Amino acid sequence: MWRLRRAAVACEVCQALVKHSCGVKGSLPLQKLHLVSRSISHLHHPTLKLQRPQIRTSFQPLSSLTNLPLRKLKLSPAKYAYQPRRHFWPARLAARLLKLRYIVLGSAVGGGYTAKKTFDQWKDMIPDLSDYKWIVPDIVWEIDDYIDFEKIRDALPNSEDLTKLMPDFDRIVESLSLLKDFFTTGHKLVSEIREASDLLLLLGSPGETAFRATDHGPESDKLYRKVSDKEKIDQLQEELLRTQLKYQRILERLEKENKELRKLVLQKDDKGIHHRKLKKSLIDMYSEVLDVLSDYDASYNTQDHLPRVVVVGDQSAGKTSVLEMIAQARIFPRGSGEMMTRSPVKVTLSEGPHHVALFKDSSREFDLTKEEDLAALRHEIEIRMRKNVKDGATVSPETISLNVKGPGLQRMVLVDLPGVINTVTSGMAPDTKETIFSISKAYMQNPNAIILCIQDGSVDAERSIVTDLVSQMDPHGRRTIFVLTKVDLAEKNVASPSRIQQIIEGKLFPMKALGYFAVVTGKGNSSESIEAIKEYEEEFFQNSKLLKTSMLKAHQVTTRNLSLAVSDCFWKMVRESVEQQADSFKATRFNLETEWKNNYPRLRELDRNELFEKAKNEILDEVISLSQVTPKHWEEILQQSLWERVSTHVIENIYLPAAQTMNSGTFNTTVDIKLKQWTDKQLPNKAVEVAWETLQDEFSRFMTEPKGKEHDDIFDKLKEAVREESIKRHKWNDFAEDSLRVIQHNALEDRSISDKQQWDAAIYFMEEALQARLKDTESTLENMIGPDWKKRWLYWKNRTQEQCVHNETKNELEKMLKCNEEHPAYLASDEITTVRKNLESRGVEVDPSLIKDTWHQVYRRHFLKAALSHCNLCRRGFYYYQRHFVDSELECNDVVLFWRIQRMLAITANTLRQQLTNTEVRRLEKNVKEVLEDFAEDGEKKLKLLTGKRVQLAEDLKKVREIQEKLDAFIEALHQEK
């Protein structure tokens, strides 16, 4: 009704104004026309305050109502023209014929004249609404894109073309249809926007003020002035808040619908309906750059200045909850008061058709819409954190890389750091506090890192530790975003709500920030869903006094607004710094390439993985070389090694005891018994050990022998480690001993020497064995009695007192042997007494044990010399052997014994050689391959075994090239998106 009344009054004024303007040259400007005549173009009035607010700082606060870009109104000055009087009667005739145009024109002129007359008076009475301009929907600022006001303004004042000024209703209807189609909600949303526009006109339009004054006159003016300024402000704030919340809900509904549509589109692309290859997203490309850079230098010594969002805060301040709200899923482990974040977690947020999460080094996808997958993801993160923590530490600087994709997620890279603590509690490492500070500083000292400082609003701000740390790293607050969590508890418990406002505005403590936000991350129940937390947060801020009393702005509340602001700031920082960082890595690459050319001009640039592959091929070739060893070589080294291992037992435990017997029958019986015992218990095991050691020696020889100019000593550590691990894993076939025992027993049972050649070979083998034993005995005896007279005279050496005693004892025992060359191996008690008394008579005090030890070596030498002499006599004894030594004083049973031993060694060596070449070499090759595969997956092993300046330089060069290439691809994609 009030609109109709206004229109009627406006028409009367316009008619009067038109009548009085007959004698005036010129036409009225469009700005003075009535509101109804100008339709919705009144918003372009040059004196109207409802213009788009200017951005006053580098950081643009985002809110739920500022998704569309704001534009300034384009107002052109009105053009005035003078018209002759003779053209007035056609205009009157046209006005009578076209009553609708006459009413519209008259109303506009009357309303504009009245508005101009009373505007200055009413302007002082209306409060300044410049802070609430953002309430006007963005579509109002873009109305000039749909209506051609320039054409209407140029056409209206000219009376000559008055007949052509009939409204282009088709064009207006088309423009309004475009305006209507802009919204996906249809007619309902358009109606709500019109109602909001009417409300704004009621609150702040000069034209409306003019009509109120015209309609009601002085009485209305007095009644309006009776209302106090405080009541008007309260009323305006309530209207403002209701309008804001209404459009908040509308926008959320639109975003939800948009999210579902984007999900459907992405799902279609994911299923290949459009038959096109999807390009990798910008954020994924950027995340890969950060991953490669993290592998290149985890300690950030390479001036890594690529932007990240670093999330820092006191322990239990709500960092994890804020991140989960941004990621829209409960993905992090939780604990009541316990430190859960033990290492940095890099979370890459990107859009995708499904809400999933996956680790950088794993192909498994966790469906974040399923509770069992969420639990598995949290458990996996906890396991990885505890795996990174080593050597009794509590926290670790090693980063866990996690990608989270889903519809509607803001694209950014966040790094969740361990919470800052003030006191080290029991169960923590003593250096936990310092380690957390060093990790936080390492990330925050990056000049392009965006610091998301989380402060618990439910505790006193003075107790915060992280604010001082952030202020040190970013004293001017140019890259810090402050977030106050648990605002619901703060508003409930804090006596003065203005204290929260002081915290948000940074007045309570000396900390500057780029933006300030207040959020609610749930009711403290870990089982709450993200949707429930969002509903609770929205409900809280709808009823919160902080918004009603304007302590907080609308764009400063809710996690969603925070996410929008952080994402916007992140991409702004990326666009400003990424090209500069790419140039710095180009310079680093040039320096590394120059250093390589100067130091290693003839070598390829092989990194650690490529070097490992080269070493792997060499090792496998060397293993294959084992199968090319000739059977003769295998048998020779096996026979020689086995005899070295068993010779002592054969001489000491078999031959010498049997040789002490009185006749050949006793000798042979003793030998058979001892050989049987030896074969059943020790010999097969010794043979297998010898074969295994021989295989190891040959394998090591092929692995370590120089290859001439092609030998690369950089592989020596790796080859040695592979050899040791392969040998450790190799186990000889258990059935080998049983089969070998039977073969050895049969070989030792055979006593038949077929020809003279075998006989001579046995004698030669026996002489070598006895001579080697005699040489060892003489060396032992020499050490016992000291140097002889030649060495004492030539080399100025002297005997010790003990050596002198041994020498006197040896001389006395040799006299006894000369008297009885057939003396048995052991001294009788009376003989020991006789020797001791003879020595005492010469002033030499000796113990019986010393006499026995000296006698053992003296008699051993005497016996071996006699055995060698007897062996020489047996060279002619093959004829008597064939006759079984009948009617002969020569008995060569010891030669037969050594022939049996020699034949057993030959047969054993042949059997072991067959087992080596047929079975064990292949099994060893298999073990080597397994070891190489395990080492290939163990980065720490490769880092430890392949070291040196050459390796590190090649590794750095490859990483820098990879970083530069990925940065160039990212920059190209970034420019294409623009």
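Residues numbered from 1 in each chain as written. Predicted model: local features only at pLDDT ≥ 70, side-chain atom pairs only at ≥ 80, totals over all residues. Heavy atoms only, no water.

1. Describing the overall build of the chain
The number of helices and strands found in the chain is 34 helices and nine strands. Burial analysis of the chain (978 residues in total) assigns 46% to the buried set. Within the chain, residue pairs in contact and separated by at least 24 positions form 81% of the contacts whose partners lie at least 6 positions apart. A total accessible area of about 52700 Å² is found for the chain, and carbon and sulfur atoms account for 51% of it. (Helix = DSSP H or I, 4+ residues; strand = E, 2+ residues; numbered from the N terminus. Buried < 20%, exposed > 50% of the residue type's maximum accessible area, 1.4 Å probe, protein only. Contact = heavy atoms within 4.5 Å. Areas by Shrake-Rupley, 256 points an atom, 1.4 Å probe, with all protein chains shown as cover.)

2. Some details on the packing of aromatic side chains
Using the criterion set out here, one finds 17 aromatic pairs in the structure. Arranged with centres 6.4 Å apart and planes meeting at 25°, the rings of Y859 and F863 form a pair that is stacked. Of this pair, Y859 and F863 both sit in helix α30 (residues 848–873), four residues apart, roughly one helical turn. We note that Y859, like F863, is buried. (Phe/Tyr/Trp six-rings, centres within 6.5 Å; stacked < 30°, edge-to-face > 60°.)

3. Focus on the sheet that holds strand β7 (residues 450–456)
To summarise the sheet geometry, strands pair through backbone hydrogen bonds and adopt either a parallel or an antiparallel arrangement. Pairing within the open sheet is mixed, and its nine strands lie in the order β4-β3-β5-β2-β6-β1-β7-β8-β9. Lying at the two open borders of the sheet, with one neighbouring strand each, are β4 (366–367) and β9 (515–518). Direction of pairing for strand β3 (residues 356–359) relative to strand β5 (residues 400–405): antiparallel, over a ladder of four bridges. When the bridges of β5 are listed, F359 appears paired with L402. (Pairing = 2+ DSSP bridges.)

4. Structural notes on the pairing of strand β1 (residues 309–313)
Among the five residues of β1, five are classified as buried, and the element is accordingly described as predominantly covered. Across the two faces of β1 the burial is the same, with V309, V311 and G313 and V310 and V312 all buried. Of the pairings in the sheet, the one linking β1 to strand β6 (residues 412–416) comprises three bridges and is parallel in character. When the sheet's bridge partners are listed, V310 is paired in β6 with V415. Of the pairings in the sheet, the one linking β1 to β7 comprises five bridges and is parallel in character. If you follow V310 over to β7, its bridge partner there is I451.

5. Observations concerning the confidence of the model for the chain
Parts of the model with low pLDDT should not have their predicted coordinates read in detail. Considering every residue of the chain, the mean pLDDT works out to 75; 67% of them sit at 70 or more. Note that residues 182–187 has pLDDT below 50 and, in this model, eleven contacts with residues that lie over four places away or in other chains. Here residues 270–278 scores under 50 on pLDDT; set against residues more than four positions off or in separate chains, the count is eight contacts. (pLDDT = per-residue confidence, 0-100.)

6. Things to note about the nonpolar core
Judged by nonpolar contacts, the single largest core of 104 residues is most densely connected at W643, Y655, W678, W759, I901 and V928. In terms of residue count, the dominant contributor to this core is helix α32 (residues 893–937) (17 residues). Apart from residues no more than four positions distant in its own chain, W643 is found in contact with V650, F765, A769, F898, I901 and L905. (Core = buried A, V, L, I, M, F, W, Y, C linked by side-chain atoms within 4.5 Å.)

7. A look at the packing of helix α23 (residues 683–704) against helix α25 (residues 735–749)
Packing of α23 against α25 brings their axes to within 9 Å, and their N-to-C directions diverge by 115°. Crossing of α23 over α25 shows right-handed handedness. On the side of α23, the interface is formed by L683, P684, N685, A687 and V688, while α25 contributes E737, L740, R741, Q744 and L748. Per-class residue counts for the contact of α23 with α25 are six nonpolar, two polar and two charged. (Axes fitted to C-alpha atoms, helices over the stretch in contact; angles between N-to-C directions. Left-handed = near helix turned anticlockwise from the far one by under 90°. Nonpolar A, V, L, I, M, F, W, Y, C, P; charged D, E, K, R; others polar.)

8. Some points on the pattern of salt bridges
With the rule as written, the count across this model stands at 39 salt bridges. Residues R386 and E382 are paired through a salt bridge, measuring 3.5 Å at the closest nitrogen-oxygen approach. In this pair, R386 and E382 both sit in helix α12 (residues 371–388), four residues apart, roughly one turn of the helix. Assessed through its relative accessible area of 44%, R386 is described here as partly exposed. (Salt bridge = Lys/Arg side-chain N within 4 Å of Asp/Glu carboxyl O.)

9. Regarding the side chain of S321
Summarising the element assignment, S321 is placed in helix α11 (residues 319–327). What makes S321 buried here is its relative accessible area of 12%. What S321 contacts, discounting residues up to four positions off in sequence, is R334 and T521.

10. A closer look at the state of the cysteines
In total, this model carries one disulfide according to the counting rule given. Sulfur-sulfur distance for the disulfide between C874 and C892 comes to 2.1 Å. Here the S-S torsion is close to -100°, and the disulfide linking C874 with C892 is therefore left-handed. Remark: C892 occurs in the loop between α31 (878–882) and α32 and C874 occurs in the loop between α30 and α31; sequence separation between them is 18 residues. (Disulfide = S-S within 2.5 Å.)

11. Here we look at the side chain of S567
Structurally, the position occupied by S567 is in helix α19 (residues 559–599). Among the polar contacts made by the side chain of S567, one reaches the main-chain carbonyl oxygen of R411 at a distance of 3.3 Å. (Polar contact = N/O pair within 3.5 Å; in protein donor to acceptor, adjacent residues only side chain to side chain.)

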